[in-house]
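Each chain is listed here by its residues.
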Protein chains: 2
Amino acid sequence: VRQSFDLSLYLIIGPAHCAGRDMAEVAMAAAEGGASIVQLRDKASGTGRMVQDARRLKECLAPFGVPLLINDRVDVALAAGADGVHIGQQDMDPVDARHLLGDDAIIGLTVKFHHEAEAIPLSVVDYASIGGVFATVSKQNPDPPIGLDGLASIAATIDLPLVAIAGITRETTPQVIAAGVGGVAVISAVCAAPDPRAAAAELRAIVNGAMAERER
Amino acid sequence: VRQSFDLSLYLIIGPAHCAGRDMAEVAMAAAEGGASIVQLRDKASGTGRMVQDARRLKECLAPFGVPLLINDRVDVALAAGADGVHIGQQDMDPVDARHLLGDDAIIGLTVKFHHEAEAIPLSVVDYASIGGVFATVSKQNPDPPIGLDGLASIAATIDLPLVAIAGITRETTPQVIAAGVGGVAVISAVCAAPDPRAAAAELRAIVNGAMAERER
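Here's a quick rundown of the structure. All of these numbers come straight from a predicted model, not from anything done at the bench. Counting from 1, residues in each chain are numbered in the order their sequence is written. Throughout, the order in which chains and ligands are written sets their labels, letters from A for the former and numbers from 1 for the latter. Restriction of local features to residues with pLDDT of at least 70 applies here, the model being predicted, together with a cutoff of 80 or more for giving and counting side-chain atom pairs; totals for whole chains, interfaces and linings are based on all residues. The side-chain quantities take in all heavy atoms of the structure and omit both hydrogens and water.

All names here are of chain A. A side-chain nitrogen of Lys or Arg and a carboxyl oxygen of Asp or Glu constitute a salt bridge if their distance falls within 4 Å. The tally for this structure, following the rule as stated, stands at 25 salt bridges over all chains. Between D72 and K43 there is a salt bridge; the shortest N-O distance is 3.8 Å. Here D72 is found in the loop between β3 (68-71) and α3 (74-80), whereas its partner K43 is found in the loop between β2 (37-40) and α2 (47-61), with 29 residues between them in sequence. In this scheme, a residue with accessible area under 20% of its type's maximum is buried, one over 50% is exposed, and one in between is partly exposed, where area comes from a 1.4 Å probe on protein chains only. By relative accessible area, D72 is classed as buried at 9%. According to the relative accessible area criterion, K43 is exposed, its value standing at 59%. Where R73 meets D75, a salt bridge forms, and the shortest distance between an N and an O atom there is 2.8 Å. Labels follow the DSSP assignment, with helices taken as runs of H or I lasting at least four residues and strands as runs of E lasting at least two, numbered in each case from the N terminus.

What follows is the structure in structure tokens.
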């Protein structure tokens, strides 16, 4: 049985994103503020460090009931007892990841283009992240952003819970939600904020308001 | 039950090491020549590519009875059905790797210093690779090489099958084996050779000769 999850405010965090602060402290503050799910994304550290970080995050997030996903690394997720993984187009095939992680794990997949959306193996993927919405400083994206129209167009074709990512701010969150996704994924908007708890709380309130608006 | 393995000629291979040739072709030629075990080491590719490469290598090496290990990545080893992993000091704790891979897998660990050799969890590690013997072009090593004396000194303290690594050539192989290890690990000496089969055959003969010499 898949565990339930909530994409409303999807925090992506890594050791390099937290402006020199302790990653677990930032994650806890964000969870307190309203982050509903957390993904550890670390492309630089050794595997040993990643497992240690993931274990600490899992421990810190458990009291909030906030699931922890690991970007790309099924090995880290398995070793740390994380709740699942988030997979990019260059990462492991989601079918292989499901086989290794079992039925309980949450598996998300990033898509940016229609052909990627159409190729999602719906039987093994639990949610999709629609990437490259706006320009971002957090990741090198060789492709141009898809914008709100691109987001809405792709979102309409995917029969899964959806979250949008890339360059999303307080200001753009209402339009992003209106485009047809169930949440926003952020990195620096929370991790680099002077007060991550307050930043998360504010973003979560905006998401909740925009969702209520859309459902009216 | 752990499968048997032979460290005599331990080939490390990666897509960037093969001078533009197909990695699986190079690995097969090496196995034909006498490589006794192969490790896929790829720090650059995405996980999807790594799994594909590992599957192809596994398939190509199986007819030779040559085991395939994956550097660092337990997820890739699991997805590709590789025979085990090779773990560095910054990688996953070998105890965690054994837990994820099960009793059949081969697990090797790199050590360079006496304190690392003393810390090997002998109940879960099957062999040790003693690293940094000579200067090498294959890896950025911030520490100075340990040399033949360092190798002999560390080898004497480890009660496991041993292989030596870093900058080993035909010329130095006899001294390396004489220092007390059961094999040599090479990258460019085989992967970058004009004829990988011949280079492997020559190295394997040198190793075999040096082992016979030592046992006399």
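Our focus in this paragraph is the relation of the copies chain B and chain A. All copies are superposed by least squares; the fitting set is the C-alpha atoms of residues with a pLDDT of at least 70 in both. For the pair chain B and chain A, the relating rotation is 180°, the translation along its axis is 0.0 Å, and the fit reaches an RMSD of 0.0 Å. Here the transformation between the copies is reduced to the relation of a two-fold axis. Using C-alpha coordinates, one finds that chain B approaches the rotation axis most closely at D75(B), a distance of 2.3 Å. Contacts: residue pairs with any heavy atoms within 4.5 Å of one another. Comparing contact sets, 100% of the residues at the interface of chain B also lie at the interface in chain A, consistent with an isologous, same-surface contact.

So, about the sheet that holds strand β3 (residues 68-71) of chain B. Residues and elements named next belong to chain B. Paired strands, in this sense, are two strands between which DSSP finds at least two bridges. Spatial strand order, β1-β2-β3-β4-β5-β6-β7-β8: eight strands in a closed barrel with parallel pairing. Ignoring which end each strand starts from, the neighbouring axes of this sheet average 25° apart. Both β3 and strand β4 (residues 84-87) contribute to a ladder of three bridges, which runs parallel. Across the sheet, I70 pairs through a bridge with V85, a residue of β4. Packed on one face of the sheet, helix α4 (residues 94-101) meets β4 and β5 (106-111) and runs near 165° to β5. Lines fitted to C-alpha atoms define the axes here, with helix axes fitted over just the stretch in contact, and angles between the N-to-C directions of these axes take values from 0 to 180 degrees.

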